[in-house]
Amino acid sequence: MFKKLKEECGIFGIYTKEEKEDLVGTVCVGLTALQHRGEESCGIAINEDRNIYFHKDVGLVTDVFTKHVQETLPQGKMAIGHVRYSTTGTSRKENAQPMVVKHKKGYLAVVHNGNLTNAEELKRQLEDEGAIFTTTSDTEVICHIIVRERLKTGSIEEAVKNTMKIIKGAYSLLIMSPQKLMAVRDPQGFRPLCIGHTEKDIVFASESCALDTTGATFDRDIEPGEMVIITNNEMKSEKILPDEKKGLCVFEYIYFARPDSTIDGLNVHIFRENAGRCLAKQAPVDADIVAGVPDSGIDAALGYSKQSKIPYDVVFIKSKYIGRTFIQNTQTKRKRLVALKLNPLKQTVKDKKIVLIDDSIVRGTTLTKIITSLKDAGAKEVHVRIAAPPFIDVCYFGTDIDKKENLIANNKTVEEIREIIGADSLEFLSLDSLEEITKDSHIPEFCKGCFTSKYPIEVPDSIDKNRFE
Ligand code: SF4
């Protein structure tokens, strides 16, 4: 029920020039702003006097970091935090991040957004060398490699640099050692990572909305292949890996990121609104109202409405109190959940021809239920417009899409999908329109692999979320 794409993870880090009384509280605020990127588990590691303390658990930030927990944690000079949805490894407390390890030369805490494409191969090599793994997450592979390289080199940044040359795939990382805070982004820049500041703090976050929320001013995005290091109140930056084909995940704009975030020069709300405008030009329809499926269809619906001059209206009331997706095991319970989560506004939809905008179709089951509920509420026609091209393939870089054979657009024509979901007409955003909308970004190329089966880098033969199990 309500099977949507899962966000990958959100990361947040802070380095403060003077010890801060509310360091943990600030990280909690930053992580709450990133909660949409992962609702399964969360954690914070704090560096106080070169010792690393941490707390992590399964649950939302507000559930895990209660007032009591916040009060018991030390307040240091730097901290990193994480919200998680598992794309590699299962949803267990052990897999929650930050990963904190003690090694021969000190401590290390790591938070990771993304998915390595060579994790399996690296894990096998490490195990052959005697490494023992306690989690099923690819982030533990990163920790092992950093530690192994640290034992061969003179500093943690040399070790991280070497690690960046070994690991492949998607990684936006924050790494905290006893004296340093480091931020790195893979050479394709698959996942976002930005940096900002306040008078006394330097702040890193997956999305700029977390900088806004913590009172930091956005400075810039971390460049693909770049490492930023902060130590002794000094910040320096180094381009570690040469320029390669870029690959920021275009789905960050379509679905994952918050509309108030700007990633690599392109605001998410503007992107979605433009997607709606393009859809209105590409697939006009004679209708009475335009509506969006909450939440990520709303910005595109506004764009469609502005372009087509068909009034925008609200057709669903969404329950604010169902945060997490959960499985209901009987048809009656499933029906109840639909009504609870998205209840149609009968007064608005009755006898209306509706253009309904959604961000994507995975299996089509959710949209089928949504259209049925609109028709049951009296809608005359429901014309569906999808603000993304059809999903035809899987993601290797941290998005839990579904198995290829489960993707409705992989084995059905648009007309067949329309019939299955019960819409009066159906159109997807074209790849050309997607190209047009992304042209104002700082990034010259995006990853669109799940829409084209062409990925920016070599991909493994198979993808299995729980392949480490
Ligand atoms: S394959 Fe799709 S979801 Fe994965 S990174 Fe590329 S665009 Fe994003």
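Quick notes on the rules
- Residues numbered from 1 in each chain as written.
- Predicted model: local features only at pLDDT ≥ 70, side-chain atom pairs only at ≥ 80, totals over all residues.
- Heavy atoms only, no water.
- Pairing = 2+ DSSP bridges.
- Helix = DSSP H or I, 4+ residues; strand = E, 2+ residues; numbered from the N terminus.
- Axes fitted to C-alpha atoms, helices over the stretch in contact; angles between N-to-C directions.
- Contact = heavy atoms within 4.5 Å.
- Buried < 20%, exposed > 50% of the residue type's maximum accessible area, 1.4 Å probe, protein only.
- Domains from an automatic or database assignment.
- Buried area = accessible area lost by both parts, 1.4 Å probe.
- Polar contact = N/O pair within 3.5 Å; in protein donor to acceptor, adjacent residues only side chain to side chain.
- Nonpolar A, V, L, I, M, F, W, Y, C, P; charged D, E, K, R; others polar.
- Parallel < 35°, antiparallel > 145°, perpendicular 65-115°, else oblique.
- Left-handed = near helix turned anticlockwise from the far one by under 90°.
- Arc of directions from axis to C-beta.

Turning our attention to the sheet that holds strand E22 (residues 425–428). In space, the 4 strands of this open sheet follow the order E17-E20-E21-E22, with parallel pairing throughout. With partners counted over all chains shown, the strands left at the sheet margins are strand E17 (289–292) and E22, one partner each. Strand after strand, the sheet turns through a mean of 20° between neighbouring axes, direction not considered. Alignment of E17 against strand E20 (residues 353–358), held across 4 bridges, turns out to be parallel. Bridge assignment links Val290 to a residue of E20, and that residue is Val355. Against the sheet, helix H13 (residues 365–376) touches E20 and strand E21 (381–386), its axis set at about 150° to E21.

Our next topic: the pairing of strand E6 (residues 106–113). Among the 8 residues of E6, 7 are classified as buried, and the element is accordingly described as predominantly covered. Once strand E5 (residues 99–103) ends, the chain turns through 2 residues before running back antiparallel as E6.

Taken domain by domain, the protein chain consists of domain 1 (9–253) and domain 2 (266–440). Summarising the inter-unit geometry, the C-alpha centres of domain 1 and domain 2 are found 34 Å apart. Taken together, the contacts link 14 residues of domain 1 with 16 residues of domain 2. Summed over both partners, the interface of domain 1 with domain 2 comes to about 1,400 Å²; 63% of that surface belongs to carbon and sulfur atoms. For the pair domain 1 and domain 2, the interface holds 4 residue pairs in polar contact (both at pLDDT 80 or more). Residues that form the side of domain 1 that touches domain 2 fall into these classes: 6 nonpolar, 4 polar and 4 charged.

Moving on to the packing of helix H4 (residues 119–128) against helix H5 (residues 138–152). Close contact between H4 and H5 brings their axes to 10 Å; oriented N to C, the two are set at 50°. It follows that H4 is oblique to H5 by the angle criterion. In this structure, the crossing between H4 and H5 has a hand that is left-handed. Seen from H4, the contacting residues are Ala119, Leu122, Lys123 and Leu126; seen from H5, they are Asp138, Val141, His144, Ile145 and Arg148. Of the residues that constitute the contact of H4 with H5, the class distribution is 5 nonpolar, 1 polar and 3 charged.

Before going further, it helps to spend a moment on the pairing of strand E10 (residues 201–205). Within E10, 5 of the 5 residues are buried, which leaves it mostly tucked inside the rest of the structure. The pairing of strand E1 (residues 9–16) with E10 spans 5 bridges and is classified as antiparallel. Considered in E10, the bridge of Phe12 is made with Ala205. Here strand E9 (residues 194–197) pairs with E10 via 4 bridges, running antiparallel.

With that settled, consider the environment of Gln35. Looking at the element boundaries, Gln35 is found in the loop between helix H1 (23–33) and strand E2 (41–48). For Gln35, a relative accessible area of 12% corresponds to the buried category. Separated by 24 residues in the primary sequence, Gln35 and Ile11 place their C-alpha atoms 9.8 Å from one another. Those residues within four positions of Gln35 in sequence are excluded, and the remaining contacts are Leu60, Val61 and Val83.

Okay, H4 next. Turning to H4, its buried residues number three or more, namely Ala119, Leu122, Lys123 and Leu126. One side of H4 carries all its buried residues, which in axial view fall inside an arc of 100°. Buried residues in H4 make contact with H5 and helix H6 (156–166). Positive backbone phi, at 105°, marks Gly130, one or two positions downstream of H4.

We now examine unusual backbone geometry. At the junction of Gln97 and Pro98, the peptide bond is cis and its omega measures out at 10° in the coordinates. As for its position among the elements, Pro98 is in the loop between strand E4 (78–84) and E5. Residue Asn233 is not a glycine yet carries a positive backbone phi of 65°. Among the secondary structure elements, Asn233 is positioned in the loop between strand E12 (226–231) and strand E13 (234–239). Residue Asn233 is classed as partly exposed on the basis of its relative accessible area, which comes to 32%. With a phi close to 65°, Lys309 is a non-glycine residue in the positive phi region.

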